[in-house]
Amino acid sequence: MKEKNYNEEYAEILEDGASEEISENESSDEDDAVSEYNDTASQFAEMEEELSRAKNDYIRLYAEYDNYRKRTAKEKTETYSNASAKCIENLLPVIDSFERSLECECSDENFKNGMSMIFTQMKEFLNKMNVAEIEAMGKEFDPNFHNAIQKMSDTDYAENHICAVYQKGYMMGDKLIRPAMVAVAD
């Protein structure tokens, strides 16, 4: 019986040792799985953060490019408009002189008709370029469109209204090319 007890005791010791080894192996496997999960989760979080940064950088870059594209298109349009306005501004004194010459007496009717036809072509060119004369005579004085060079008393016009136009003003679309030189009733 002693042998049995001894064997039983020995078997119990072996079982206890084996169960301790199994529980140590199980807990180390669980620790490995948990640490592997934590590593994967942290890598995933880092990747999400990188993706978010890359997406924000892309959106910012796209917005900057879009703003650049719009700005250059606007500058191109303004450059064309400014160049056209400058060209028309330099042409206006010629048109003024042409108009004054048509008001003078001329003995040759054919010459006068030819000059009138050329002047009509110039006016058509101005219309195609979207250039319009500023209406001034009899209108209320507006310093945005008129340049007052004289005040006149004893006129048939109401106070602060234009009673004489010395030089016509012109606009190209919404842009003032040259203000009208006028006299204002006092």
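It should be noted that the structure appears before, not after, this text.
Sequence order as written defines residue numbering, which begins from 1 separately in each chain. Selection of residues for local features in this predicted model requires a pLDDT of at least 70, selection of side-chain atom pairs for listing and counting requires 80 or more, and totals for whole chains, interfaces and linings are taken over all residues. Heavy atoms from the whole structure form the basis of all side-chain values; hydrogens and water molecules are not counted.

*Asks:* I keep staring at the overall build of the chain and nothing clicks. Help me out?
*Replies:* Scanning the chain from N- to C-terminus turns up two helices and six strands. In this description a helix means any DSSP run of H or I spanning at least four residues, a strand means any run of E spanning at least two, and both kinds are numbered starting from the N terminus. The secondary structure elements of the chain, listed N-terminal to C-terminal, are α-α-β-β-β-β-β-β. Scored against the burial criterion, the 186 residues of the chain give a buried share of 17%. A sequence separation of at least 24 residues applies to 60% of the contacts in the chain between residues at least 6 apart. Total accessible area on the chain is roughly 14800 Å²; 52% of this is exposed by carbon and sulfur atoms. Categorising residues by exposure relies on relative accessible area from a 1.4 Å probe, with only protein chains included: less than 20% of the type maximum marks a residue as buried, more than 50% marks it as exposed, and the intermediate range marks it as partly exposed. Any two residues having at least one pair of non-hydrogen atoms within 4.5 Å are treated as being in contact. Surface exposure here means Shrake-Rupley accessible area, sampled with a 1.4 Å probe, where a residue is shielded only by the protein chains that are shown.

*Asks:* Would you mind going over the sheet that holds strand β2 (residues 146-152) with me for this structure?
*Replies:* Within a beta sheet, neighbouring strands are joined by backbone hydrogen bonds and run either parallel or antiparallel to one another. Strand pairing requires that DSSP identify at least two bridges connecting the strands. Pairing in this open sheet of three strands is mixed, and the strands run β2-β6-β3 from one edge to the other. With one partner strand each, in any of the chains shown, β2 and β3 (162-167) form the two edges of the open sheet. Sheet twist, expressed as the mean angle between neighbouring strand axes with direction ignored, is 30°. Alignment of β2 against strand β6 (residues 180-185), held across six bridges, turns out to be parallel. Bridged to Lys-151 within β6 is Val-184. Axis lines are fitted to C-alpha atoms, over the contacting stretch for helices. Their N-to-C directions set the angle, which ranges from 0 to 180 degrees.

*Asks:* What's the story with the sheet that holds strand β5 (residues 175-178) in this structure? I'm lost.
*Replies:* Read across the open sheet, the three strands follow the order β1-β4-β5; overall the sheet is antiparallel. Two strands in the sheet have a free side with no partner beyond their single neighbour: β1 (131-133) and β5. Across this sheet, the average inter-strand angle for adjacent strands is 35°, counted without regard to direction. In this sheet, strand β4 (residues 170-172) lies alongside β1 in antiparallel orientation, the contact comprising three bridges. For Ala-132, the partnering residue across the bridge sits in β4 and is Met-171.

*Asks:* Quick question: what am I supposed to make of the pattern of salt bridges here?
*Replies:* A side chain of one charge can pair with a side chain of the opposite charge when the charged atoms of the two come close. Each reported salt bridge corresponds to a side-chain nitrogen of Lys or Arg within 4 Å of a carboxyl oxygen of Asp or Glu. Applying the stated rule across the entire model yields nine salt bridges. The salt bridge involving Asp-186 is made with Lys-151; its shortest N-O contact spans 4.0 Å. With Asp-186 in the segment after β6 and Lys-151 in strand β2, this pair connects stretches of sequence that are 35 residues apart. Lys-151 gets classed as exposed once you look at its relative accessible area, which sits at 63%. Look at the salt bridges and you will find they share partners, linking Glu-99, Lys-123, Glu-133 and Lys-168 into a network.

*Asks:* Mind showing me how you'd approach the nonpolar core here?
*Replies:* A general tendency of soluble globular proteins is for nonpolar side chains to be buried together. The biggest cluster of nonpolar side chains holds 13 residues, and the ones touching the most others in it are Ile-88, Leu-92, Ile-95, Leu-126, Val-131, Tyr-170 and Ile-177. Elements represented by at least two residues in this core include exactly α1 (2-103), α2 (109-128) and β4. Per-element accounting of this core gives the leading share, six residues, to α1. Not counting chain neighbours up to four residues away, the residues in contact with Ile-95 comprise Phe-119, Met-122, Leu-126 and Tyr-170. Grouping buried Ala, Val, Leu, Ile, Met, Phe, Trp, Tyr and Cys residues that are joined through side-chain atoms within 4.5 Å yields what is termed a nonpolar core.

*Asks:* Explain the pairing of β5 to me, please; I cannot follow it from the model alone.
*Replies:* Here is the key point about a regular strand: its side chains alternate between the two faces of the sheet. Of the strand pairs in this sheet, β4 and β5 are connected by three bridges, and their pairing is antiparallel. Bridging across to β5, Tyr-170 finds its partner in Arg-178. Connecting β4 to the antiparallel partner β5 that follows it, the hairpin turn spans two residues, and Gly-173 within it adopts a positive phi of roughly 65°.

*Asks:* How do you make sense of α2 when you look at a structure like this?
*Replies:* Owing to its 3.6 residues per turn, the α-helix brings residues three or four apart onto one side. Between its terminal C-alpha atoms α2 stretches 29 Å, which fits the 28 Å expected from 20 residues at 1.5 Å a residue. Of the residues making up α2, those classed as buried are Phe-119, Met-122 and Leu-126. Looking straight down α2, one finds its buried side chains confined to an arc of 55°; they lie on one side. Turned more than 90 degrees from where α2 packs its buried face, Asn-110, Met-117, Gln-121, Asn-127 and Lys-128 sit exposed. Pairs of N or O atoms are called polar contacts if they sit within 3.5 Å, as long as, within protein, a hydrogen donor faces a hydrogen acceptor (for residues adjacent in sequence, only side-chain-to-side-chain pairs). In this structure Asp-108 caps α2, since a side-chain oxygen of it lies 3.3 Å from the backbone nitrogen of Asn-110. After α2 finishes, the residue Asn-130 shows a positive phi value of roughly 65°. The length a helix should cover is 1.5 Å for every residue beyond the first. Of all possible arcs, the one meant is that of the directions from the helix axis to the C-beta atoms.

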